[in-house]
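An overview of the molecular structure
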Amino acid sequence: MLEIKNVQKSFDDLKVLDGIDLTVEKKDVICILGPSGSGKTTLLRCMNYLTKADAGEMIFDGESFDMNHISKNDIARIRRKTAFVFQNYNLFRNKTALENVTEGLIIARKMPKKEAEEIGMKALTKVGMADRFNYYPHQLSGGQQQRVGIARAIATDPEVILFDEPTSALDPELIGEVLSVIKELAKDGMTMVIVTHEMNFARNVSTKVIFMDRGKIVEEGNPDDFFTSPKNERTQQFLNSFKNRMEG
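Below is a summary of the structure that appears in this document. The residue count restarts for each chain, going from 1 along the sequence in the order it is written. It should be noted that, the model being predicted, local features are given only for residues of pLDDT at least 70 and side-chain atom pairs only at 80 or more, the latter also being counted only at that level, while totals for whole chains, interfaces and linings use all residues. The basis for every side-chain value is the complete set of non-hydrogen atoms in the structure, without hydrogens or water.

1. A short note on the sheet that holds strand 9 (residues 208-213)
Pairing is mixed in the open sheet, where 6 strands are placed in the order 6-7-8-3-9-10. Edge strands, defined here as strands with exactly one partner in the open sheet, are strand 6 (82-85) and strand 10 (216-221). On average, each strand axis in the sheet is tilted by 20 degrees relative to the strand beside it, whichever way the strands run. Note on pairing: two strands pair once DSSP finds at least 2 bridges between them. Segments assigned H or I by DSSP are reported as helices when at least four residues long, segments assigned E as strands when at least two residues long, and all are numbered from the N terminus. As paired elements, strand 7 (residues 160-164) and strand 8 (residues 192-195) share 4 bridges and run parallel to each other. Residue Ile161 lies in a different strand from strand 8, and its bridge partner there is Met192. To get an axis, fit a line to the C-alpha atoms, keeping to the stretch in contact for a helix; angles then go from 0 to 180 degrees between the N-to-C directions.

Below, the structure written as structure tokens:
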């Protein structure tokens, strides 16, 4: 469905992505783990062309794209098939929850307002926000704002949703409500690539776990093997440090 090959990205002299290969199959839920600065978010942003890779190839629905030399039209076509959920919600402060969800449908996709609102209400209901259509972001908790962000993503009926640490900006007691929404999407068969620090979530929901360090994919595998018997020493160190923090 979606494949990227040999993705490279540097910022000045710092190599952030160093030859990344990743294959996403339909209905995959891929969780990307790794320490801060390992390139996880940059990889996700390159996949949606929010950041332009220095080199790499993307194959999407049978079409091949040069990730460094790509037209605006091709980027727009790829974005029509994908959705991005940001860690800091990226909502319009002066628009209601429903308006935040319908804005892209009306402006970018030229959808009639009535049709967009029907889709928006359905998407907000799906994420448990049926009673908050007309609330503004400042009237919503962080968890509710992130659920609006997820509703905005699913309203476009994407083939794949990219999540950039969707719970990292949330207070601990609000994390569960967002993760439960993502779990429901996984049950529905939504294809997702999720950068996360939530280890238990990754273990319970993902079809494949990827561990990145210093711009490379160090290890990948199914969640059972990854968490119970990681092969790479760097992966073992990372998981042990996480366990020690939890126990401490």
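So much for the structure itself; the text now carries on.
2. Considerations on the pairing of strand 2 (residues 14-24)
Direction of pairing for strand 1 (residues 2-11) relative to strand 2: antiparallel, over a ladder of 8 bridges. Its bridge partner lying in strand 2, Leu2 is registered against Val24. Here strand 1 folds back onto strand 2, and the loop between the two strands holds 2 residues, one of which, Asp12, carries a positive phi near 55 degrees.

3. Focus: the state of the cysteines
Disulfides are defined as pairs of cysteine sulfur atoms found within 2.5 Å of each other. Under the definition given, this model contains 0 disulfides. Its sulfur unpaired, Cys46 is 20 Å from the next cysteine sulfur, which belongs to Cys31.

4. Quick look at the packing of helix 5 (residues 142-155) against helix 6 (residues 172-187)
Between two packed helices, the angle of one axis relative to the other and the distance separating the axes together describe the packing. In contact at an axis separation of 8 Å, helix 5 and helix 6 are set at 20 degrees when each is read in the N-to-C sense. The orientation of helix 5 with respect to helix 6, classified from their angle, is roughly parallel. As for the relative orientation of helix 5 and helix 6, their crossing is right-handed in sense. Here Gly142, Gly143, Gln144, Gln146, Arg147, Ile150 and Ile154 of helix 5 lie close against helix 6, whose contacting residues are Leu174, Glu177, Val178, Val181, Ile182 and Leu185. Here the residues of the contact of helix 5 with helix 6 sort into 7 nonpolar, 4 polar and 2 charged. Small angles under 35 degrees read as roughly parallel and large ones over 145 as roughly antiparallel, with 65 to 115 read as roughly perpendicular and the rest as oblique. Helix crossings get a hand from a simple test, with the near helix turned counterclockwise from the far one by less than a right angle marking a left-handed crossing and a clockwise turn marking a right-handed one. For this analysis, residues touch if any pair of their heavy atoms sits within 4.5 Å. Under the scheme applied, nonpolar residues are Ala, Val, Leu, Ile, Met, Phe, Trp, Tyr, Cys and Pro; charged residues are Asp, Glu, Lys and Arg; polar residues are all the others, including Gly.

5. Looking at the packing of aromatic side chains
In summary, the pairing rule links any two rings of Phe, Tyr or Trp, Trp by its six-membered ring, whose centres are within 6.5 Å, and it sorts them by plane angle into stacked for under 30 degrees, edge-to-face for over 60 and tilted for everything else. A complete count under the given rule lists 3 aromatic pairs for this structure. Centre to centre, the rings of Phe84 and Phe86 are 4.7 Å apart; their planes meet at 45 degrees, and the pair counts as tilted. Exposure categories follow from relative accessible area, calculated using a 1.4 Å probe and restricted to protein chains: below 20% of the type maximum is buried, above 50% is exposed, and the middle band is partly exposed. Among the residues examined, Phe84 registers a relative accessible area of 9% and is labelled buried. Taking 4.9 Å as the distance between ring centres and 45 degrees as the angle between the ring planes, the aromatic pair formed by Phe211 and Phe238 counts as tilted. Placement of the pair is Phe211 in strand 9 and Phe238 in helix 9 (residues 233-247), with a sequence separation of 27 residues.

6. Concerning the packing of helix 4 (residues 113-126) against helix 5
Closest axis-to-axis distance for the helix 4/helix 5 pair is 8 Å, and the angle between their directions is 130 degrees. It follows from the interaxial angle that helix 4 and helix 5 lie oblique. Handedness of the helix 4/helix 5 crossing: right-handed. Taking contact as the criterion, the partners of Ile119, Ala123, Leu124 and Lys126 in helix 4 are, on helix 5, Val148, Ala151, Ile154 and Ala155. Looking at side-chain class alone, the contact of helix 4 with helix 5 contains 7 nonpolar, no polar and 1 charged residues.

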